[in-house]
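# Remarks on the overall topology
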Amino acid sequence: MSIHTPIILSVEGMTCASCVGRVDRGLHSVEGLSDIAVNLASETARFTADTPEQVAQAAQKLDDLGYPARRQTVTLNIASMSCASCVGRVDRALAAVPGVVEVNVNLAAETARITYLEGATDPAALMRVSEEAGYPATLAEATATQDRTARKEEEAADLRRRVLIAAALALPVFLMEMGGHMIPAVHHAIAMTIGQQASWLIQFALTTAVLLGPGRQFYLKGFPALFKGAPDMNSLVAVGTGAAYLYSLVATFLPALLPDAVRAVYYEAAAVIVVLILIGRWLEARAKGRTGAAIQKLLGLQAHTARVLKNGEAVEVEIETLRTGDLILVRPGERIAVDGEVTEGDSHVDESMITGEPVPVAKAVGDLVTGGTVNGAGSLTFRATRVGADTVLAQIIRMVEDAQGAKLPIQGLVDRITLWFVPAVMGLALLTVLAWLIFGPAPVLTNALVAGVSVLIIACPCAMGLATPTSIMVGTGRAAEMGVLFRKGDALQQLGSVGVVALDKTGTVTEGRPELTDLILADGFERAQVLALVAAVEARSEHPIAEAIVRGARAEGLRVADVSEFTSITGYGVRAKVDGHDVLVGADRLMTREDVDATALAGAETDLARRGRTALFAAIDGRIAAVIGVADPVKPASRAAVAALHALGLKVAMITGDKRETAEAIARETGIDHVIAGVLPDGKVAALDDLRQHGRVAFTGDGINDAPALAHADVGIAIGTGTDVAIESADVVLMSGDLRGVVNAFAVSRATMRNIKENLGWAFGYNVALIPVAAGVLYPSFGLLLSPVLAAGAMALSSVFVLSNALRLRRLAPAMDEAAPRPLRPAVAATAH
C-alpha cells in the first residue's frame, strides 16, 4: 500500500538541540523516509513515508533512540459486525492506516480499541476508514489528541511540584554549607552543636533525596545516552552533579583518601543545580505552552455540536458525525459548525476570525458560509459542503501547523554546530580539569572539580535548539491571526531577501469585478444589436470582464441569446455563432489574427486605455463593430499598501495582460514603480525572470490563473477569497482580499527573522562568553572562579530568555491599520512591540 503522505509524530524526551540531531540522524537512517524535519519547540518529527511499514519503522527507530513517539488509544463503536470475518475485515482496514500500532476488535462488545501514533492519524480518520470498509463507526471513548498546550500545562504542573519538593530539600543543605562559609557565626554554631560530620551526613541524606527524587530524570536519561556515545543535555547535568556528589561522598565516608586541604563537600552544589535546572525547565514548559497560542485560538473556533434537520426537526449532534449534504440550522449568535451553502434565511456573519476583516458579511440563499464563523441576528439553514478535515478552518490549522514545523535554511547551521556541541563541552570540561590539576594553585583538586563541573553545567544547547523553532511557531501563529498563512515555513526566511514585489492586476490591485463603462460603435451598427450579440458570447465565459459585459446588457433589458460553436482562444478572446452571426470578442491581437481591420476604432481604443479602461474589440461577420470599455476599480487599500511596501524598501511591479496605457493609468493611481503590460498568461513566468535583475521576486496573484507564476516566483503569495485557501502553488496565502496582507507578510517575516537572529546571537554569545569564564580564564587575573550553582542559574535563564524573546512576537502589530488602510511608519511595520 503506497501512501506518500506527510506524517507528523509527537516525540517524547527531546530537551536540547543534540537530541534533535540524534532523532534527525535516526530518521534519516530509515530507508524510504524523505522531507525529514525535527522540531524541538513543538516536540515533533515530520517526514514523508511511502508505506505504513515505513511509518512503523520510524516509530521503532524513535523507540530505540530513547525518544518514543507518543501513543494514544481510542475506542470506537463499530456497527454492522455480525461474524468473525467482519472482525477480520475491520481489523485489516484499521491496521493498514499509517501510524496505527495495535488494533483489538471485539465482536461481542461491537467495539474496536486502537492504539496509534499521535500526529500520524486521528479518530476521525479511523472512523472514516471503518465506514469505507462497510462498518460505520462512532466515538465511544475519546482519549486521543490531547492538545499540546494542555500537555505542556500538565508537564509544567508536574515540574512545579518537583521544584517545590527539590527546593524544600535543598534549602537546608544550602543554608548549612554556604551559610557556614559566608557567616562565621553559622559555622561556629554548627560546630558547637551537631558538629561538622553530622552536618555533612544531614546534607548527604537531603541531597540524595533530591537527586533520587525530583532529579532522577537527569540520570535515567543522561547516563544511558552517555554510555551509547551520544551524550545530551541530561548527560552534562548528570556528570556535573554526579561528580560533585561523588566527591562529597568520598569526603564524608572515606576522608582518609583526600588530603586535609581539599577535604570539603559540594552537596549544596549538586542539590541547588538540580533545583535551578528544574526551575528553568518549569518556566520553559510554561513558555512552550504559550508558543502554540495561535493554534489554540484556531482550535477554539471549532464548534463542538450542530443542529441537523431530520424529518423537519432540529436534532443536536456531535460535529464529528456530520456528513456532506446534511441540512444544518444556525440560530442567532451561534457558531457555524462546518462549511456550507445557505438554503434558507438571511443574516450577517462575523468572518473576522478567518479573514481578519472586521465588517460582518451579509449572507442569503446561495451564499457560502465558513465553519468557525459566528452568525449574527438572523437565522440560517445551510447544506454542509465540507466537513471534518476538508473545512476551511481545518485547512488553516493544517497550514499553520505545517509552517510551525518547518525547518528554515538558517537552522541548518545550528544543527551542524549542535551535533558536536555536547561532546565538545565534555571534552572541554575534561581538559579544564587536567589544566587545573597540572597548573592550578592549591587546593588543586577542589578547584579542578569546581571548574570542570561549572563548564559542564553552564553549556546550554537547549537555547540553541529553541532559538529558531520557537520564533517560527510564534511568528507564523501571529501571522495567521492577521490573516496571513505561511503554507511553507521557509517562505519566512525567503521573504527577507526579496527586493521586488510583482503584482497581478485583476483581483489583486483591482477589485476583480469590472463594470461596463463604454460602447463605441463603428458606422452601420446599432448599440442594442451589438451589445446583445457580444453579451451572448461572453455569457459562456467565466472571465470577470465577460461578466461585466453580461451585467451591462441585462441592465439595459437586452435578451441574451443562445450561442453555438463557442471557442475560447487563450490570451486572445472568444468567438461563437449567435443568431446566425459570426461574433468575435477580444483584444486587438485577436482582430489581427483573424484579419479583421480595426483601424476605424484604434483611436477610440487608445483613448479608453489612457483613461484606465480595459478595451476590447467586437467584430460581427468579419467586420469591426465596436470597441468596448470596461473599468475595474482599484481596491481602496492598494495605494496605501504600495506605499507601505515602498517604506519597507521594496520595488513594486505590476504584470497584466491589459494594454500598456491602461496598466500605466492604474500604476499612476497606485504608485507602482514598474509595469509589464500585454502579457499572456504563460508570459508571466518570463516577466518574472526579467524582474529578477532587480533582486529576488515575490509574485502576488489571485491563485486561480496565476499558478505558474506563483510557483515560479522566489516567493508566491496568493490572495485567497476567505473560503478558498488550498492554493497549492503558493508559499503564502492571504485570507483578506487585498494587498494589506502582503505588507503584513513582509512585516512578520522581518520581525521573525530578526527575532531568530537575536535568539541565536544570545545562545551562541552566551556559550562563547561564559564557558571560558566557567573554565577559570578570569582566575589568574582576578582570582574569580565561577560557582557551579551560579553556572546552573545562568544556564536555566538562557533557555528562558530565548523563549521569552520569541513570545514577544505575539505582540507584533499589523503593519497596516485594518480600519483605515494607510501605511504606518517603517519602524512600526517590522518591529515587535
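Reading the values: rules and limits
- Residues numbered from 1 in each chain as written.
- Predicted model: local features only at pLDDT ≥ 70, side-chain atom pairs only at ≥ 80, totals over all residues.
- Heavy atoms only, no water.
- Pairing = 2+ DSSP bridges.
- Helix = DSSP H or I, 4+ residues; strand = E, 2+ residues; numbered from the N terminus.
- Core = buried A, V, L, I, M, F, W, Y, C linked by side-chain atoms within 4.5 Å.
- Buried < 20%, exposed > 50% of the residue type's maximum accessible area, 1.4 Å probe, protein only.
- Contact = heavy atoms within 4.5 Å.
- Axes fitted to C-alpha atoms, helices over the stretch in contact; angles between N-to-C directions.
- Salt bridge = Lys/Arg side-chain N within 4 Å of Asp/Glu carboxyl O.

Once that is clear, we can look at the pairing of strand β16 (residues 380-386). Note that strand β10 (residues 327-330) and β16 share four bridges and pair antiparallel. Each residue of the ladder has a partner; that of I328, found in β16, is F382. Across six bridges, the pairing between strand β11 (residues 339-345) and β16 is antiparallel. What sits directly across from G345, in β16, is L380.

The next point concerns the sheet that holds β16. Taken together, six strands build an open sheet; the order of strands is β9-β8-β10-β16-β11-β14 and the sheet is antiparallel. The open sheet has two free edges, formed respectively by β9 (313-318) and β14 (368-369), since each of these has just one partner strand. Pairing analysis gives two bridges linking β11 to β14, with the strands arranged antiparallel. Each residue of the ladder has a partner; that of G340, found in β14, is V369.

Moving on: the nonpolar core. Grouped together as the largest cluster of nonpolar side chains are 143 residues, with contacts concentrated most on L27, F486 and F746. In terms of residue count, the dominant contributor to this core is helix α27 (residues 740-775) (14 residues). Once you skip the residues sitting within four places of it in the chain, F746 turns out to touch L495, V498, V501, L645, L648, L650, A698 and I717. Membership of the second largest hydrophobic core comes to 41 residues, among which are V530, A535, I545 and L590.

So, about the sheet that holds strand β21 (residues 573-578). Backbone-to-backbone hydrogen bonds pair the strands of a sheet. The strands run either parallel or antiparallel. Read from one edge of the open sheet, six strands run β19-β24-β23-β22-β21-β20, paired in antiparallel fashion. Sheet topology places β19 (515-521) and β20 (563-569) at the edges, where each strand pairs with a single neighbour. Averaged over all pairs of adjacent strands, the angle between strand axes in this sheet comes to 20°, irrespective of strand direction. Note: strand β22 (residues 581-586) against strand β23 (residues 614-620), four bridges, orientation antiparallel.

With that out of the way, let us pick up the pattern of salt bridges. The full count for this structure, using the stated rule, is 26 salt bridges. With its nearest N and O atoms 3.9 Å apart, the salt bridge here joins D518 to R611. One end of the pair, D518, is in strand β19; the other, R611, is in the loop between α22 (599-610) and β23, and 93 residues separate them in sequence. Residue D518 is classed as buried on the basis of its relative accessible area of 17%. A cluster of three or more residues bridged by salt bridges with shared partners is formed by R307, E316, R331 and E334.

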